[in-house]
Amino acid sequence: MAEASSDFDPREKVHGDPIEMPHLACGAMAGSKPYPAAPNHQEPLGFPGELVPDWHDKAISRLGELLDSNKALRVYLDSCVKCGACTDKCHYFLGTSDPKNMPVARQDLLRKVYRRHFTLAGKYFPKLVGAEDLTKDVLGDWYSYFHQCSQCRRCSVFCPYGIDTAEISMAARDIMDTIGMGQKYSNEIIGKVFNIGNNLGLPPKALKATLEGLAEEIEEETGVPVKLPIDVKGAEILLVTPSADFFASPHMEGLIGYAKVLHESGVSWTLSSHASEAANFGMFIGSQENMQKVAMRIRDAAIELGVKRVVIGECGHAWRVAYSFLNTLAGPFDFLDPRYPFPQHICEFTNDLIEKGKLKFDKSKNDEYRLTFHDSCNVARASRMGDKPGGQFDIPRAVLRAVCNHYFDMAPETIRDQTFCCGGGGGLLTDELMDLRTKGAMPRMRALKEVAEEHGVTHMAAICAICKAQFSKVLPQYGFDREAIVSVHQMVSNAIILTGSVQEKELEESHHD
Amino acid sequence: MVTIIYATAFYAASLLLVIALGRRIWLYATTPAPLKIPTTPAPTTKGGVVLRMVREVTVFESLFRSNKWIWLFGWIFHLSLAVVLLRHLRYFLQPVPYPIALVQPFGVIAGFTMVAGLLALWARRIVVERIRYISGPSDHLMLALLVAIGLSGLNLKFLARTDIVDVKEFFLGLMYFDFSHLHRLPADPALLLHLTLVLCLMVVFPFSKLLHAPGVFFSPSRMQADDTREHRYARSAKLESTPRRA
């Protein structure tokens, strides 16, 4: 695996202000490119296998189609005044110093082509307004720099017009896919979802074996026969969770947490082998068709299993797709029980039970953890939990505070809606981009270092599979423990006292003493 | 001759401004927004969205959170511009409404603060490395045009005063298509310079980044309510017609 380039020493860079502005280093990241998609990754998604001969004309006509079908793209390409408000807001810019990673400069890669072909000023005075033809070089820049955007929307928070670079980079990736210039990582994964049902390509048989293993593990630990049911018709709740939860650490510990909470709630629930994946990489590549196709699996599974509610596990962009898009793309979901929000986040589900006093915790079980919380970008800036705006910040924190004694927030300019991306979101969680991922994690790593030094914070909790996977890789590079990243429901799992469990008896005995 | 040229130019520029800007606004309004993408936390109601937009366009809330210097200079410029425009209404309204009469002295001060704000923004464009990097020729020219309009206006007020009564008669004549009494526009170079620059601005407006003015009202990340769980959002015909099982 490629480490960060030699002039970037993470252990040295970990000290400092998370929002420190670097000096510009032009072209520093021009060589960063993800592996290209092969024809067998492209074609199942409806894209040409390789760069088409008339790529220029096809790209321009696709841009025209997107302009006509997406208000955001049209308004955002016109409205930028180059005020500079976004210039120091992108974690990839702060980490790499490459000026083309400033949000406005990234947008301009597409905007200059838009101006040349779709505006009067760009047609007649290209030099004056920075309009440029779409050349092979420009296309190369697109492939490089639109794959250095994790679509985290931090820039859109600060833009006076709300210009969202995520929308621009999604459009650019859609255009590149359309002319046969896709990215391997995202497109291969979407293919796996279509073929097998989840991003990791776990077949139903392996999935069932894993779930049985986990149930045994829980029973061994607690003495309670907590089940992790799959494909159970007539269950009340369908749980859709990222497939990493079936496979990797600390994701799996989170899944154990959901299972314990769901068991304790007394509501019947099931997973689905057809929709064994909450993630939807169709969003990352900006392809509404593929996003919709992936989203339909959840509808199909809900109908097939006859469930009344849908709960989504810990996954950032999946929660955005579920919360903001699912009803539009695959709705209406009028066959579900209208008394419950559709969809519901597992943190909302757990928090409701906590507020109703239905869950019992022994917080001291988490005393070895001094915790902070990493707001995942898509949850923070593209969704909500609970009834009030900002519930997406308060509810996971409320859950953490209910299950542990030591909780500390990171610096205010690095959390809530100003949170920094982990550095691996938006379809960039692939090994060949490790240099970019390491550098992009710098602002978050600095914020974590601050609370580690100030409050002795040992662990950071998150509710996103991509964040968890990314941090597992970059934490050691910055001198932290690889296991310093934990799932929120892992903390829930540690502290929860299941009815009739060994832990409950122990607790009662200790009270009697 | 001067009168005829400027009368024609103002009609042409106004027509162009209305048509081109109208077309642009029409495009913004009618292009579908297939998905809900408000930047959250966002208001959950339409009333909340209106409030968010009011804060955005009056006090530049997002910009304030981003960068205090850009906010300060940008806000001073825009506020001053608004006051200056209000002051200028007296050249187009007869009789002059009381509030417009009241605003006159502030309008003069605003003329200076407008130029000051623009120069400060321009200085940032040159001095701050990352903003210099993103600035193109048109960004500098736009600032130059606005500064020139401000300075040529102040010049008319303080150094090269013109017959303002004639100017007002000229514009009232244009506005009411009253050509029989069309008064002659004073042929002062200082006045003609100011008017020419304003004509330039009117022509450039619908083809430039000044489109941010209507654009902000159509920005989905700011003008959408966060209510997808409460109300199903389906605006795209393509999505509605997608065949599905069940």
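The model shown is predicted, which means the values in this text are computed figures rather than measured ones.

**Q** Can you walk me through the overall build of chain A in this structure?
**A** Tallying secondary structure elements over chain A gives 24 helices and 7 strands in all. What you see for chain A is a C-alpha radius of gyration of 23 Å, in line with the 24 Å of a compact globule of 513 residues. C-alpha atoms of chain A, sized along the principal axes, occupy 85 × 50 × 40 Å. Taking all 513 residues of chain A together, the buried fraction comes to 62%.

**Q** For this particular structure, what's the right way to read the nonpolar core?
**A** A general tendency of soluble globular proteins is for nonpolar side chains to be buried together. One finds Leu238, Ala295, Ile298, Leu371, Leu400, Ala461 and Met491 of chain A to be the most contacted residues of the largest nonpolar core, which totals 188 residues. What Ala461 of chain A contacts, discounting residues up to four positions off in sequence, is Leu371, Phe373, Leu400, Val486, Ser487, Val488 and Met491 of chain A. Residues Leu156, Leu185, Leu191 and Leu195 of chain B belong to the second largest nonpolar core, which totals 6 residues.

**Q** Which parts of the structure should I look at to understand the interface of chain A and chain B?
**A** Accessible area lost on assembly of the parts is the figure often given for the size of an interface. Every contact between the two is made by 61 residues of chain A and, on the other side, 57 residues of chain B. For the side of chain A that touches chain B, the per-class residue count stands at 30 nonpolar, 18 polar and 13 charged.

**Q** Honestly, the packing of helix H4 (residues 71–79) of chain A against helix H11 (residues 165–178) of chain A in this entry has me stumped. Any pointers?
**A** Between two packed helices, both the angle of their axes relative to each other and the distance between the axes serve to describe the pair. Residues and elements named next belong to chain A. The geometry of H4 relative to H11 is characterised by a closest axis approach of 10 Å and an angle of 110 degrees between their N-to-C directions. What the angle tells us is that H4 and H11 run roughly perpendicular. Viewed along their axes, H4 and H11 form a crossing whose handedness is left-handed. Residues Ala72, Leu73 and Tyr76 of H4 form the contact with H11, whose own contacting residues are Glu167, Ile168 and Ala171. Looking at the contact of H4 with H11 residue by residue, the class counts come to 5 nonpolar, no polar and 1 charged.

**Q** When you look at the packing of helix H17 (residues 346–355) of chain A against helix H19 (residues 391–403) of chain A in this model, what are you seeing that I'm missing?
**A** Residue and element names in this part refer to chain A. It is at 9 Å that the axes of H17 and H19 come closest, and there the two elements cross at 50 degrees. In terms of axis orientation, H17 runs oblique to H19. Handedness of the H17/H19 crossing: left-handed. Counted together, Cys347, Glu348, Thr350, Asn351 and Ile354 of H17 and Ile395, Pro396, Ala398, Val399 and Ala402 of H19 form the full contact between these two elements. Taken together, the residues of the contact of H17 with H19 break down into 7 nonpolar, 2 polar and 1 charged.

**Q** Even after reading the chapter, I still don't get the confidence of the model for chain B, so can you show me in this structure?
**A** The predicted structure's coordinates, where accompanied by low pLDDT, should not be read in detail. Residues and elements named next belong to chain B. Per-residue pLDDT for chain B averages 93, and the proportion of residues at 70 or more is 95%. Here residues 240–246 scores under 50 on pLDDT; set against residues more than four positions off or in separate chains, the count is 5 contacts. Across the interface, the model reports ipTM at 0.94; the global pTM reads 0.95.

**Q** Whenever I open this one, helix H14 (residues 251–265) of chain A confuses me. Can you help?
**A** Every α-helical turn comprises 3.6 residues, leaving residues that sit three or four positions apart pointing alike. Residue and element names in this part refer to chain A. The terminal C-alpha atoms of H14 lie 21 Å apart, and with 15 residues this matches the ideal 21 Å at 1.5 Å per residue to within 8%. Counting buried residues along H14, 13 of its 15 residues qualify, which places the element largely inside the surrounding structure. Where H14 ends, the next residue or the one after it, Gly266, has phi of about 80 degrees, a positive value.

**Q** Please clarify how the sheet that holds strand E2 (residues 269–270) of chain A should be interpreted in this entry.
**A** Sheet strands associate in pairs through backbone hydrogen bonding, adopting either a parallel or an antiparallel arrangement. Residue and element names in this part refer to chain A. Pairing within the open sheet is parallel, and its 4 strands lie in the order E2-E1-E3-E4. Each end of this open sheet is capped by a strand with a single partner; those strands are E2 and strand E4 (344–345). Inspection of the sheet shows strand E1 (residues 237–240) paired to strand E3 (residues 309–312) by 4 bridges, in the parallel sense. Residue pairing for E3: Leu238 is matched across the bridge by Val310.

**Q** For this particular structure, what's the right way to read the sheet that holds strand E7 (residues 485–487) of chain A?
**A** Residue and element names in this part refer to chain A. The parallel open sheet is built from 3 strands, whose spatial order is E5-E6-E7. The sheet terminates laterally at strand E5 (371–373) and E7, the two strands that pair on one side only. Across this sheet, the average inter-strand angle for adjacent strands is 40 degrees, counted without regard to direction. When strand E6 (residues 459–462) meets E7, the two strands line up parallel, connected through 3 bridges. Bridging across to E7, Ala462 finds its partner in Ser487.

What counts and how
- Residues numbered from 1 in each chain as written.
- Chains lettered and ligands numbered in written order.
- Predicted model: local features only at pLDDT ≥ 70, side-chain atom pairs only at ≥ 80, totals over all residues.
- Helix = DSSP H or I, 4+ residues; strand = E, 2+ residues; numbered from the N terminus.
- Rg over C-alpha atoms; globule rule 2.2 N^0.38 Å.
- Buried ≥ 20, exposed ≤ 12 C-beta atoms within 10 Å, placed from the backbone.
- Core = buried A, V, L, I, M, F, W, Y, C linked by C-beta atoms within 7 Å.
- Contact = placed C-beta atoms within 7 Å.
- Nonpolar A, V, L, I, M, F, W, Y, C, P; charged D, E, K, R; others polar.
- Axes fitted to C-alpha atoms, helices over the stretch in contact; angles between N-to-C directions.
- Parallel < 35°, antiparallel > 145°, perpendicular 65-115°, else oblique.
- Left-handed = near helix turned anticlockwise from the far one by under 90°.
- pLDDT = per-residue confidence, 0-100.
- Expected span 1.5 Å × (residues − 1).
- Pairing = 2+ DSSP bridges.

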